[in-house]
Amino acid sequence: MIELRDLTKRYGRQVAVDGLSFRVQPGVVTGFLGPNGSGKSTTMRMILGLDAPDHGQALINGVRYADLPRPLTAVGALLDAGAFHPGRSARAHLSALAASNDLPGSRVEQVLRTVGLSDVAGRRAGTYSLGMRQRLGVAVALLGDPGVLLLDEPVNGLDPEGIRWIRDLLRGLAAEGRTVFVSSHLIAEMALTADRLIVIGRGRLLAETTVAELAAVDDSLEDAFFRLTASATDYHGTEAA
Ligand SMILES: Nc1ncnc2c1ncn2[C@@H]1O[C@H](COP(=O)(O)OP(=O)(O)OP(=O)(O)O)[C@@H](O)[C@H]1O
């Protein structure tokens with residue numbers, strides 16, 4: 001489980017994340033929705049200990065990321081596809097990560113199979129297409145067999161086959177009982193992938209709901225998204241008091 005308690009982050013006078021509190025439960029895909037610049041990536045970076053909050057806490061299974069004894073076995077993340085050494089093969093990259101994190105080497109071939117890269121795992125990652133790099137990023141996230149997964153805009157730039165692949169994978173991982181938290185600014189895509197939705201705007205919580213609840217209230221999911229985010233789309237953020 002992921003839990004945020006009054007999580008807040010300022011950049012200068014701008015408040016990027018503004019007192020966010022919510023829980024992300026296991027067993028379902030939870031979509032993290034908001035317009036561009038609403039604070040999704042900053043929130044995910046704080047959950048992963050990559051940015052320090054100015055106030056509040058982000059907890060994974062009840063503890064801060066920094067206090068997890070073996071982080072990769074608790075949480076896997078896909079933040080930025082393409083963050084690989086271009087001259088290294090996918091297999092070499094995963095093997096190095098497994099060795100340095102004390103994970104069994106057998107996981108490398110398992111995750112390569114899961115993401116469909118077994119046949120090309122000896123090729124340099126620098127020759128991979130965007131879709132292949134995204135699959136390698138997912139393989140890294142899965143390497144420690146974590147119970148919690150965070151993915152920031154995983155379908156960005158993918159073709160329809162890649163999008164469907166990610167969608168099916170995430171739903172399968174949630175069905176295994178994992179906590180799956182995935183950000184997007186596209187409600188139509190989220191509606192096909194997520195069960196629950198957390199909607200933010202200007203760093204603030206706008207709604208915690210389900211796709212079914214939203215669909216029942218508005219004419220379309222797009223209308224629902226615009227209604228929820230109408231007052232939060234000037235992209236300028238808010239000023240600190
Ligand atoms: N390192 C930084 N320095 C200054 N401002 C930042 C920094 N990182 C993010 N911000 C600002 O914080 C706000 C939230 O940005 P963030 O990237 O978290 O939003 P997002 O919802 O992920 O957006 P997108 O959908 O466009 O990726 C934005 O106004 C952004 O300009």
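Everything in this summary refers to the structure shown in the same document. Keep in mind that what you see is a predicted model, and the values were worked out from it rather than measured.

To continue, consider helix α3 (residues 90–100). For α3, every residue scored as buried is listed here: A90, H93, L94 and A98. What you see down the axis of α3 is that its buried residues fit within an arc of 130 degrees, all on one side. Every exposed residue of α3 that faces more than 90 degrees away from the buried side is listed here: A99 and S100. The first or second residue beyond α3 is D102, which carries a positive phi of 60 degrees.

One simple way to see leftover space: roll a probe sized like a water molecule over the atoms. Tallying each qualifying case throughout the model produces two cavities of 30 Å³ or more. Reported here for the largest cavity is a volume of approximately 60 Å³. Lining the largest cavity are 13 residues; nearest its centre among them are P154, V155, V182, E189 and M190. Those elements that place two or more of their residues in the lining of the largest cavity are α6 (160–175), β7 (179–184) and α7 (187–193). Sorting elements by how many residues they give to the lining of the largest cavity places α6 first, with four residues. Residue composition of the lining of the largest cavity, grouped by class: seven nonpolar, three polar and three charged.

Moving on to the packing of helix α4 (residues 106–115) against helix α5 (residues 130–142). Relative to each other, α4 and α5 sit at 135 degrees, their axes nearing to 9 Å. One element, α4, and the other, α5, form an angle in the oblique class. For the crossing formed where α4 meets α5, the hand is right-handed. Across the interface between the two elements, R107, V111, T114 and V115 from α4 touch R135, V138, A139 and L142 from α5. In the contact of α4 with α5, the residues fall into five nonpolar, one polar and two charged.

Here we come to the site of the ligand. With respect to spatial proximity, 13 residues lie near the ligand, and among them G37, G39, K40, S41 and T42 are the closest. Residue G37 places a main-chain N or O atom 2.7 Å away from an oxygen atom belonging to the ligand. Here E153 contributes a side-chain N or O atom positioned 3.5 Å from an oxygen atom of the ligand. Coverage of the ligand by the protein amounts to 62% of the 630 Å² it exposes when considered alone. Elements represented by at least two residues in the shell around the ligand include exactly β2 (14–24) and α1 (40–47). Looking at the shell around the ligand residue by residue, the class counts come to three nonpolar, eight polar and two charged.

Quick look at the nonpolar core now. Within the largest apolar cluster, 49 residues are counted, with the highest numbers of intra-cluster contacts made by L94, L117, L136, V138, L151 and L170. If we ignore the near neighbours within four places in the chain, the residues touching L94 are V108, V111, L112, L136, A139, V140 and L143. One finds V24, M44, V75 and L150 within the second-largest nonpolar core, a separate group that totals 22 residues.

As a volume, the second largest pocket reaches approximately 180 Å³. Taken together, M46, I47, G49, D51, A52, P53, G56, Q57, A58, R64, Y65 and A66 form the lining of the second largest pocket. Those elements that provide at least two residues to the lining of the second largest pocket are α1 and β4 (55–60). Each residue belonging to the lining of the second largest pocket can be placed in one class, and the counts come to seven nonpolar, three polar and two charged.

Cut-off values and rules
Residues numbered from 1 in each chain as written. Predicted model: local features only at pLDDT ≥ 70, side-chain atom pairs only at ≥ 80, totals over all residues. Heavy atoms only, no water. Buried < 20%, exposed > 50% of the residue type's maximum accessible area, 1.4 Å probe, protein only. Helix = DSSP H or I, 4+ residues; strand = E, 2+ residues; numbered from the N terminus. Arc of directions from axis to C-beta. 1 Å grid on protein atoms, 1.4 Å probe; cavity = no way out; pocket = protein on both sides within 12 Å on 5 of 7 lines; lining within 4 Å. Points joined across faces, edges and corners; volume = space filled by probe spheres on them. Nonpolar A, V, L, I, M, F, W, Y, C, P; charged D, E, K, R; others polar. Axes fitted to C-alpha atoms, helices over the stretch in contact; angles between N-to-C directions. Parallel < 35°, antiparallel > 145°, perpendicular 65-115°, else oblique. Left-handed = near helix turned anticlockwise from the far one by under 90°. Contact = heavy atoms within 4.5 Å. Near = heavy atom within 4 Å. Polar contact = N/O pair within 3.5 Å; in protein donor to acceptor, adjacent residues only side chain to side chain. Areas by Shrake-Rupley, 256 points an atom, 1.4 Å probe, with all protein chains shown as cover. Core = buried A, V, L, I, M, F, W, Y, C linked by side-chain atoms within 4.5 Å.

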